[in-house]
Amino acid sequence: IKTWTETKPYFIPSSIYWLYLNLNNRVFSKVEVRKAIAWAIPWKDITEYGLLGLVEQAPVVGFVAEGVYKDYVNHDACMKYWGNPDCLLRQNITKAKQLLEKVGAKDIDKDGILELPDGTKMKFTILTVAGDALQNNIASLIADALKDIGIQVTVQAVDYRVWWQNFQNGQFDATLCWSAGAYEVGHVRNSYGNALYASWGNMAKWIGYSNDRLNALFEEMMRSLIDPEREKELAYAIQEILFEDLPSIPLYYTPMFW
């Protein structure tokens, strides 16, 4: 019995896991809040402790940026939005707090939880699958980190069938889930492109996100797979929109065990 490699990180990545945010929840209605959450996430802890160092941190581009697909990372957009040419975020609590201040979030009643200007309490639940140790550990790491910026997060573990049904029906605040595909840049359309996959994998619909410009780019990408250079241009444009909107957050690579 062997690992994929003899040195860290030992395993190759198999897919991307996301922190999907239900945009119908008023907590996530402002992009500044979604970006504050991204900056507050303990990225290093997720890799070292949540994933036991078995894979490297995933960039927030939404696809497995390995092999030929390393060329599909829009480094200029990564620098513009994340201050890092490879879109590998590092926790920045100060930046997260500044973004929350920008939207007027304040702890009015001094209970340690911020409120938005409309009175919405900044608290939500991450729905997880009971028995999935990696998923629950990582959700707990995120919950602990967000406490430091005034957001209260509860982790709720449920039976797989209940989790999947709630996700599909939009009955969740946030959840951890894969996105179909891995070594293929177009797979982010499964998370953000409306009605381009069968109902079992249309995460965009489940999180309440739609962007006509993005859908048009996805449709063109489907027709451009025989032209790698054009496909790359489209991937760059898609990343610009996703970094601008950040409807959900690509979190981490999962290790390929088998």
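Report on the accompanying structure. What you see is a predicted model, and the numbers here were worked out from it, not measured in a lab.

It is worth spelling out the pairing of strand β1 (residues 13–21) at this point. Within a regular strand, side chains alternate between the sheet's two faces. The buried fraction of β1 is high, at nine of nine residues. In terms of strand pairing, β1 meets strand β4 (residues 174–178) through five bridges, oriented antiparallel. Within β4, the position partnered with Trp18 by the bridge is Cys177.

Quick look at the packing of helix α1 (residues 31–40) against helix α4 (residues 93–102) now. Interhelical geometry of α1 versus α4 gives an angle of 165 degrees and a closest axis separation of 8 Å. Relative to α4, the element α1 lies roughly antiparallel. For α1 against α4, the interelement crossing comes out left-handed. Across from Glu32, Val33, Lys35, Ala36, Trp39 and Ala40 in α1, the residues of α4 making contact are Ile93, Lys95, Ala96, Leu99, Leu100 and Lys102. For the contact of α1 with α4, the residue count by class is eight nonpolar, no polar and four charged.

Attention now goes to the packing of aromatic side chains. Counted according to the given criterion, the structure contains 18 aromatic pairs. Look at Trp18 and Tyr20: their rings are 5.6 Å apart centre to centre, the planes differ by 10 degrees, and that puts the pair in the stacked class. For the pair Trp18 and Tyr20, a shared accessibility class is recorded, and that class is buried. Measuring from ring centre to ring centre gives 5.7 Å for Trp39 and Trp82, while their planes differ by 55 degrees; the resulting arrangement is tilted. Of this pair, Trp39 sits in helix α1 while Trp82 sits in helix α3 (residues 75–82); the two residues are 43 residues apart in sequence, bridging distant segments of the chain. Residue Trp39 shares its accessibility class with Trp82, and that shared class is buried. Through successive ring pairs, a cluster of aromatic residues spans Tyr17, Trp18, Tyr20, Tyr160, Trp163, Trp164, Phe167, Phe172, Trp178, Trp206 and Tyr252. Across the ring face of Tyr72, the terminal group of Lys232 is positioned such that the distance to the ring centre comes to 5.8 Å.

It is worth spelling out the pairing of strand β5 (residues 249–255) at this point. Of all seven residues making up β5, seven are buried, and the element is well covered by its neighbours. Pairing of β1 with β5, which is carried by six bridges, proceeds in the antiparallel orientation. What sits directly across from Pro13, in β5, is Pro255.

Scoring rules and cut-offs
- Residues numbered from 1 in each chain as written.
- Predicted model: local features only at pLDDT ≥ 70, side-chain atom pairs only at ≥ 80, totals over all residues.
- Heavy atoms only, no water.
- Buried < 20%, exposed > 50% of the residue type's maximum accessible area, 1.4 Å probe, protein only.
- Helix = DSSP H or I, 4+ residues; strand = E, 2+ residues; numbered from the N terminus.
- Pairing = 2+ DSSP bridges.
- Axes fitted to C-alpha atoms, helices over the stretch in contact; angles between N-to-C directions.
- Parallel < 35°, antiparallel > 145°, perpendicular 65-115°, else oblique.
- Left-handed = near helix turned anticlockwise from the far one by under 90°.
- Contact = heavy atoms within 4.5 Å.
- Nonpolar A, V, L, I, M, F, W, Y, C, P; charged D, E, K, R; others polar.
- Phe/Tyr/Trp six-rings, centres within 6.5 Å; stacked < 30°, edge-to-face > 60°.
- Lys NZ or Arg CZ within 6 Å of the ring centre and 35° of its normal.

These results come straight from atomic positions and should not be treated as a statement about function.
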